[in-house]
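# Notes for the structure review
Listed below, chain by chain, are the residues.
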Amino acid sequence: MRSVQLGTHAHNALLGVTSAGDGRCVSTVAKDGVVTYDVEEEKRERTLALDRGRKFACAVACGSNGRYYACLEKEQESDSSYLCAWETEQSANAATVGEASKECVTTLDLGRSGRVRELVAVDGGALVVTTTGEVQLFGMSAEHIDKARTSGELGSRRVETVSVLPESVGALVVTTDGNFQGRKIATFLARAQTVTLAWELDIEHPDGAAKARVASAASDGETFMVLWDDGVWALHDASDGSLKHKLRLDGLDVHCDEATSGKRSKKSEDTSPLASAASLCLSQDYYAVVANSKEENTVIVAVFDSRYGAVHLAEDISRGLEHKVGRTSGVSVAATSGNLVVGLSDQVVSVQFDLPELSLASLVGSLSIHSQPEASAAAIRVLGAETASTALVPPQHAAVTPGWKLEELKLDGQGVVSLSNVWDDDDAQAREKKVRSTAEALASGSKKAGSSLQTLMKSLPIPQILIESAISGGLNHRVWDSVTLLLAGGHICGSSTARQLVTALLEEDMLDEVKDFLVYAKDVSAEDIVAILHSAMMRDEDDPGLKKRASANKKLAEKVLDEAEACASDEKFNGEAKQELFARAQLLVSAYDSFAPWAQQLHPLIARPLDPTMGMLVLRDLSKQDAVSLLQYLLVWANFYASSGGYFARINTLVEPGIPSAHAVVTWTSALLDAQFTTFCLSDDVAEPVRALRESSSQMLDMMRSLAALGGAFRHVGENSPLPEQHGVQSTTYTVESVAW
């Protein structure tokens, strides 16, 4: 996410921001005027001053056609309001709002108790929403066209919040009675010179909180979201108002200080006229909420989806700004040209971020927080640490499988198999009880819990609570038997589910467990990679743990070598099987003979290919000595693969756990050269290893070219096409004949 400050204004003077189309936005500043910003160019474009003796009734609205609308009042006569309109090109030489709109002004008829609550631009005009729930439609020249209102007697309801509908087709209005009860949400659509009440639904707080008020609301047409001031975010179906998703945003401060009414607050000069939180429909899939963070002294931009009700983004709005924003007394939000424009109590900020097309894959990706500090995880930032932790606890931990007997299943007369009810509730409850008691024993560090865990591991999948409890027991009580069991079976998925585990294993000198972690882990964090790298390079050659691991590696290499020698003269093995045994023996012998004991501990880590981004994170802070040592280590592997000759292809097809492949060696070498480029350029003793790496890489590249040509030839054969000429692949037994009809 990238943030840019567009402009500043007097504290608590901002009335709101809105999109002006064509990559522009407009801010309305009380007692000052209308400021237009070019969001794409990141600069202030134009300012129209407010005429003397006038004040804004609400924020200015602007249509996509560049037409501006403003509701003004006389400073001493608040009961008299009028609407004015102007166009950018026609008012190019105007200095004030009055000069720009002198030909398009209309006095508003709001009734005795009504006041202007909000101004919303629509196609061909603007909607004026009054505090009593009446919506009036005006044309492009500020002429009155039509009006509509919410149900109930005129003047019996008060507007709580208003937002613009997508594509500026109308307004979403939330109203309440005088006691802040009996809330209704309604959409007003402007089309064909009329404004109509499209639908109106009763809404209630999902938890029945009678005193809660609506802080903000938005709609995408098919759904609508309501943010209550006690932190509850509710997503409803717009067809019937049914609740689809509910979240408690304990990480955001969305309280409402003032009651919504048609009267001016006495504190309005000292407090922001903006709401404490603002929301916006970003697309058919996403909603955005902007509010103060409870835990951090800043403003948070949070993004939710309308399909799964999940948190996809929660970022500090200060990110990328020269000065930290801090907390704000009010917020307004608008969207334009892929940017989110956020109006704060003292400045206007443009926020740019990317959201993927909503899918289950993008949802799972948004939940992956292993590469971020725990405090900045999206769910924790928005929901709060306690709520996020509670949300991770499933109602049932044990996995129950049905007792189907496939041999007894038969088709009925319609060809359907009746599976019957074979779910044993008593068995499920007993298993759940067993899982919970075992989890408690593991977390307490009981050494007897290992046998219970082994029994439960016989049926997959293993409940996550057992894995978490075993890790917790190991970290808190230093009882590692259960952790060793889970690591050997590949049940601990990575750093995201086992924070601090790798560091603890290294402290306990449990090198076999670290290897199992690296072999089976789906993800390994930058912190864990750095810890393993430093641990291997800092070890003494006489370390008993290293000698023990090296001895195990030697036994494995000797065993595989003996098997290869035995099969050489055994006719039971065909040529392909012999080649695989020879290649494996060559690989494992080199992994032992060519490396010192400390370097052998790097094999499982280097076996995991490293992407450039992660490589820069873990390798840029290496000392020169460690960087050169790692370079020498990679050179040994590069020389091995370059000299493997006819076994190159065979060795690269082997999947030997914890042994680097040629691909892994190349990715680590590239990442190291990128991260330590300056250090290597300034070091005379690095020139020779780099030159040797270049030669080895050239040899591997030559072998890969022939393999690539062979792979291309096989594709031609698979598609019944002729072999490509002059590409080094020929065959005397494969031809393609064509007939000219």
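All figures in this text were calculated on a predicted structure; none of them were measured in a lab.

A separate point is the overall build of the protein. The secondary structure content of the protein amounts to 21 helices and 30 strands. Scored against the burial criterion, the 741 residues of the protein give a buried share of 48%. Considering only residue pairs separated by 6 or more positions, the protein has 57% of its internal contacts joining residues 24 or more positions apart. Surface accessibility of the protein: about 37,700 Å² in total, with carbon and sulfur atoms responsible for 49%.

Together, Glu-558, Asp-562, Glu-563 and Glu-565 line one region of the surface with negative charge. Within the element layout of this structure, Asp-562 appears in helix α12 (residues 544-568). In this structure Asp-562 comes out as partly exposed when scored by relative accessible area, which is 48%.

With that settled, consider the packing of aromatic side chains. If you walk through the whole model with that rule in mind, you get 8 aromatic pairs. Consider the rings of Phe-595 and Trp-637, whose centres lie 5.1 Å apart with planes at 35°: the pair is tilted. Of the two residues, Phe-595 sits in the loop between α13 (575-593) and α14 (597-600) while Trp-637 sits in helix α17 (residues 624-642), which places them 42 residues apart along the sequence. Connected via pairs of aromatic rings, a cluster forms that spans Phe-595, Tyr-633, Trp-637, Phe-640 and Tyr-641.

Below, the discussion takes up unusual backbone geometry. In the Ramachandran plot, Asp-22 falls in the positive-phi region, its phi being about 55° despite a non-glycine side chain. With respect to the helices and strands, Asp-22 occurs in the loop between β2 (14-21) and β3 (24-29).

Within strand β17 (residues 184-191), 7 of the 8 residues are buried, which leaves it mostly tucked inside the rest of the structure. Examined bridge by bridge, strand β16 (residues 170-176) and β17 share 6 bridges and lie antiparallel to one another. Along β17, the bridge assignment pairs Gly-170 with Leu-189. Of the pairings in the sheet, the one linking β17 to strand β18 (residues 194-202) comprises 8 bridges and is antiparallel in character. Following the sheet pairing, Ala-190 is matched in β18 by Val-195. Turn length for the β17-β18 hairpin, with the two strands adjacent in sequence and antiparallel, is 2 residues, and the turn residue Ala-192 shows positive phi of about 50°.

What follows is about the sheet that holds strand β11 (residues 116-122). The 4 strands are arranged β11-β12-β13-β14 in an open sheet whose pairing can be described as antiparallel. Each edge of the sheet is formed by a strand with only one pairing partner; in this case those strands are β11 and β14 (144-149). Strand-to-strand twist in this sheet, taken as the mean axis angle between neighbours without regard to direction, amounts to 20°. Relative to strand β13 (residues 134-139), strand β12 (residues 125-130) runs antiparallel, the two being bridged by 5 bridges.

Moving on to the nonpolar core. Judged by nonpolar contacts, the single largest core of 82 residues is most densely connected at Leu-466, Ile-492, Leu-602, Leu-619, Leu-630, Tyr-633 and Trp-637. The element best represented in this core is α17, accounting for 12 residues. Among residues more than four places away in sequence, those in contact with Leu-630 are Leu-533, Met-537, Leu-602, Ile-606, Leu-619, Leu-622 and Leu-672. Counting residues in each nonpolar core, the second largest holds 22 residues, with Met-225, Ala-277, Val-289 and Phe-304 among its members.

Checked against the element boundaries, Glu-737 lands in the segment after α21 (687-718). A relative accessible area of 74% places Glu-737 in the exposed class. In the structure, Glu-737 is positioned 16 residues away from Ser-721 in sequence and 9.7 Å away in space, judged by C-alpha atoms.

We now examine the packing of helix α10 (residues 511-520) against α12. Following both chains from N to C, one finds α10 and α12 inclined at 60°, their axes separated by 10 Å at the closest point. Considering their axes alone, α10 and α12 lie oblique with respect to each other. Between α10, through Leu-511, Asp-512 and Lys-515, and α12, the contact on the second element is made entirely by Gly-545, Leu-546 and Arg-549. Its residues placed into classes, the contact of α10 with α12 shows 2 nonpolar, 1 polar and 3 charged.

Here the protein shows a mean pLDDT of 83. Residues at 70 or above account for 87%. Below a pLDDT of 50 lies the segment residues 369-376, which in the model reaches 12 contacts outside its immediate sequence neighbourhood of four places, other chains included.

Our focus in this paragraph is the sheet that holds strand β21 (residues 232-237). In spatial order, the strands read β19-β20-β21-β22; together these 4 strands make up an open sheet with antiparallel pairing. Edge positions in the open sheet fall to β19 (214-219) and β22 (243-248), since each of these has one partner strand only. This sheet shows a mean twist of 15° between the axes of neighbouring strands, independent of strand direction. By the bridge criterion, 5 bridges tie strand β20 (residues 223-228) to β21 in an arrangement that is antiparallel.

For the pair helix α11 (residues 526-538) and α17, interaxial distance at closest approach is 11 Å and the crossing angle is 90°. Considering their axes alone, α11 and α17 lie roughly perpendicular with respect to each other. For the pair α11 and α17, the contacting residues are Leu-533, His-534 and Met-537 in the first and Asp-626, Ser-629 and Leu-630 in the second. A breakdown of the residues in the contact of α11 with α17 according to their chemical character gives 3 nonpolar, 2 polar and 1 charged.

The next subject is the side chain of Ser-683. Among the structural elements, Ser-683 can be located in the loop between α20 (677-681) and α21. A residue is classified by how much of its surface remains accessible, and Ser-683, at 8% relative accessible area, is buried. Looking at Ser-683, its side chain comes within polar contact range of the main-chain oxygen of Thr-679, at 2.7 Å.

In terms of burial, strand β27 (residues 311-316) is a largely internal element, 6 of the 6 residues being buried. Judged from the 5 bridges that link them, strand β26 (residues 299-305) and β27 form a sheet pairing that is antiparallel. When the bridges of β27 are listed, Val-301 appears paired with Glu-315. Counted between consecutive antiparallel strands, the loop separating β26 from β27 contains 5 residues, among which Gly-309 sits at a positive phi close to 70°.

The rules behind the values
Residues numbered from 1 in each chain as written. Predicted model: local features only at pLDDT ≥ 70, side-chain atom pairs only at ≥ 80, totals over all residues. Heavy atoms only, no water. Helix = DSSP H or I, 4+ residues; strand = E, 2+ residues; numbered from the N terminus. Buried < 20%, exposed > 50% of the residue type's maximum accessible area, 1.4 Å probe, protein only. Contact = heavy atoms within 4.5 Å. Areas by Shrake-Rupley, 256 points an atom, 1.4 Å probe, with all protein chains shown as cover. Patch = residues over 30% accessible without salt bridge, like charges linked within 9 Å, V, L, I, M, F, W, Y side chains within 5 Å. Salt bridge = Lys/Arg side-chain N within 4 Å of Asp/Glu carboxyl O. Lys, Arg positive; Asp, Glu negative; His and termini not counted. Charge placed at Lys NZ, Arg CZ, Asp CG, Glu CD. Phe/Tyr/Trp six-rings, centres within 6.5 Å; stacked < 30°, edge-to-face > 60°. Pairing = 2+ DSSP bridges. Axes fitted to C-alpha atoms, helices over the stretch in contact; angles between N-to-C directions. Core = buried A, V, L, I, M, F, W, Y, C linked by side-chain atoms within 4.5 Å. Parallel < 35°, antiparallel > 145°, perpendicular 65-115°, else oblique. Nonpolar A, V, L, I, M, F, W, Y, C, P; charged D, E, K, R; others polar. pLDDT = per-residue confidence, 0-100. Polar contact = N/O pair within 3.5 Å; in protein donor to acceptor, adjacent residues only side chain to side chain.

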